[in-house]
Amino acid sequence: MTALTLLGVVLAGCGTPTDSGTEENPAHAPSHTSSVAPPPAPSKPPTLAPGPAGRTPVFERGLPRGRGDKVVALTFDADMTADQGSRAAAGEQFDNPPLIALLRRLKVPSTVFMTGRWAEEYPEQARSIGTDALFEIANHSYSHHAFASPCYGLPVVDRDGMLGDVEQAFASFRKAGARNVVPYFRFPGGCYDDASLRALAPAKVTAVQWDVISGDAFATDADAVAEQVLEGVRPGSLVVMHCTRSAAPVTEEAVRQVVPELLRRGYRFVKVSELMRD
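A few points on the structure. Computed from a predicted structure; not experimentally measured.

A few words now on the packing of aromatic side chains. What the rule picks out here adds up to six aromatic pairs. Here the aromatic rings of F147 and F187 are separated by 5.8 Å at their centres, their planes lie at 70 degrees, and the arrangement is edge-to-face. Here F147 is found in the loop between β4 (135–139) and α6 (162–176), whereas its partner F187 is found in the loop between β5 (181–185) and α7 (194–199), with 40 residues between them in sequence. Residue F187 is classed as buried on the basis of its relative accessible area of 0%. Between F170 and F173, the ring centres sit 6.1 Å apart and the planes meet at 90 degrees, which makes this aromatic pair edge-to-face. With F170 and F173 both in helix α6, this residue pair falls three residues apart, about one helical turn. Residue F170 shares its accessibility class with F173, and that shared class is buried. Among the aromatic side chains, those forming a connected cluster through ring pairs are F147, F185, F187 and Y192. Taking the ring centre of F113 as reference, the NZ or CZ of R186 above it sits at 4.0 Å.

Next up on the list: a negative patch on the surface. Judged by side-chain charge, D221, D223, E227 and E231 come together as a negatively charged surface patch. If you trace the backbone, E227 turns up in helix α8 (residues 222–232).

Applying the stated criterion across every chain, the model contains one disulfide. Between C151 and C191 runs a disulfide, and the two sulfur atoms are separated by 2.1 Å. Judged by the sign of its S-S torsion, about 85 degrees, the bond between C151 and C191 is right-handed. Taken together, the residues span a long stretch of sequence, with C151 in the loop between β4 and α6 and C191 in the loop between β5 and α7 at a distance of 40 residues. Classification of C151 as buried rests on a relative accessible area of 3%. The class of C191 is buried, set by a relative accessible area of 11%.

Right, let's get into the nonpolar core. Membership of the largest hydrophobic core comes to 59 residues, with the highest contact counts inside it found for M114 and W118. At six residues, the largest contribution of residues to this core is made by α6. Each residue touching M114, except ones within four places of it in the same chain, is listed here: A78, A119, A126, I129, I137, A138, N139, H140, S141 and F173.

Extensive coverage of helix α3 (residues 97–106) is indicated by the burial of nine of its ten residues. When α3 is considered as a whole, its buried residues turn out to be P97, P98, L99, I100, A101, L102, L103, R104 and L106. Packed against the buried residues of α3 are β2 (71–78), β3 (110–114), α5 (123–130), β4 and α9 (251–264). Remark: K107 follows α3 within two positions and exhibits a positive phi of approximately 60 degrees.

Side-chain positions along a regular strand alternate between the two faces of the sheet. In terms of burial, strand β8 (residues 237–242) is largely enclosed, as six of its six residues are buried. The alternating pattern of β8 places S237, V239 and M241 and L238, V240 and H242 on opposite faces, both of which are buried. Between the parallel elements strand β7 (residues 212–213) and β8, the chain passes through α8 in a crossover that is right-handed.

What follows covers α8. For α8, the set of buried residues is A222, V225, A226, V229 and L230. On an axial view of α8, the arc spanned by its buried residues comes to 125 degrees, and they lie on one face. Elements that come into contact with the buried residues of α8 comprise β7, β8 and α9. A distance of 3.0 Å separates the backbone nitrogen of D223 from a side-chain oxygen at the start of α8, and that oxygen is part of D221.

What counts and what doesn't
Residues numbered from 1 in each chain as written. Predicted model: local features only at pLDDT ≥ 70, side-chain atom pairs only at ≥ 80, totals over all residues. Heavy atoms only, no water. Phe/Tyr/Trp six-rings, centres within 6.5 Å; stacked < 30°, edge-to-face > 60°. Helix = DSSP H or I, 4+ residues; strand = E, 2+ residues; numbered from the N terminus. Buried < 20%, exposed > 50% of the residue type's maximum accessible area, 1.4 Å probe, protein only. Lys NZ or Arg CZ within 6 Å of the ring centre and 35° of its normal. Patch = residues over 30% accessible without salt bridge, like charges linked within 9 Å, V, L, I, M, F, W, Y side chains within 5 Å. Areas by Shrake-Rupley, 256 points an atom, 1.4 Å probe, with all protein chains shown as cover. Salt bridge = Lys/Arg side-chain N within 4 Å of Asp/Glu carboxyl O. Lys, Arg positive; Asp, Glu negative; His and termini not counted. Charge placed at Lys NZ, Arg CZ, Asp CG, Glu CD. Disulfide = S-S within 2.5 Å. Core = buried A, V, L, I, M, F, W, Y, C linked by side-chain atoms within 4.5 Å. Contact = heavy atoms within 4.5 Å. Right-handed = clockwise from strand over helix to strand, strands pointing away. Arc of directions from axis to C-beta. Polar contact = N/O pair within 3.5 Å; in protein donor to acceptor, adjacent residues only side chain to side chain.

In structure tokens, the structure reads:
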């Protein structure tokens, strides 16, 4: 795994909605669009059964129901730590409206793993994403601190504070007015251990990992990111991507390449809830 790929695990940012006033340039839009509308969100999102001794279960990819069932879930992590407010105030862009606008135009169902701090910084965007049936919001912690160590240099949440960190993020989503919130959690950096799985058991969430790393964090070559995704995707794959513009500036352009090519290969895009239900 390259250093760029490792960095791709750590940061994840997510795009923001069209109500921010940012319009994408249709001249650069691909001609391929999904002809199938996203399925309605289930009234009760599926979860996995608890692990041994009630540990939080972990979901890494879906299992296609048949040879022709080519589904893939694109996920986007909306990262922001609790101490980055000053950087946001100074103009650093932890959001990415053009990416979310692109996903909407292409009608690509997606799951956004959002930090509570991001929802607090961009409440209108969190509400817009969280009330759009095309998307679902999942928990990526409040602080984006690690839940196990070592974890790519991230500060570590004390075990006694892990449950509260997750609950604080859910509270931030509710305060922003998001409704399409699912009981899924992604560990910052993807780092977890037995202690963290035990600590989060009372939250009754399913931890969601991935089997395809896009490598888009800090990347400057959209072609390379797209190639890495396209090489890794298999039926039932779960892709982790990033939309924080300051940390993943080429994600939108990579998605412009990935989506039409996967459609050409016969794939159907689904949210994590549908992948898990299958």
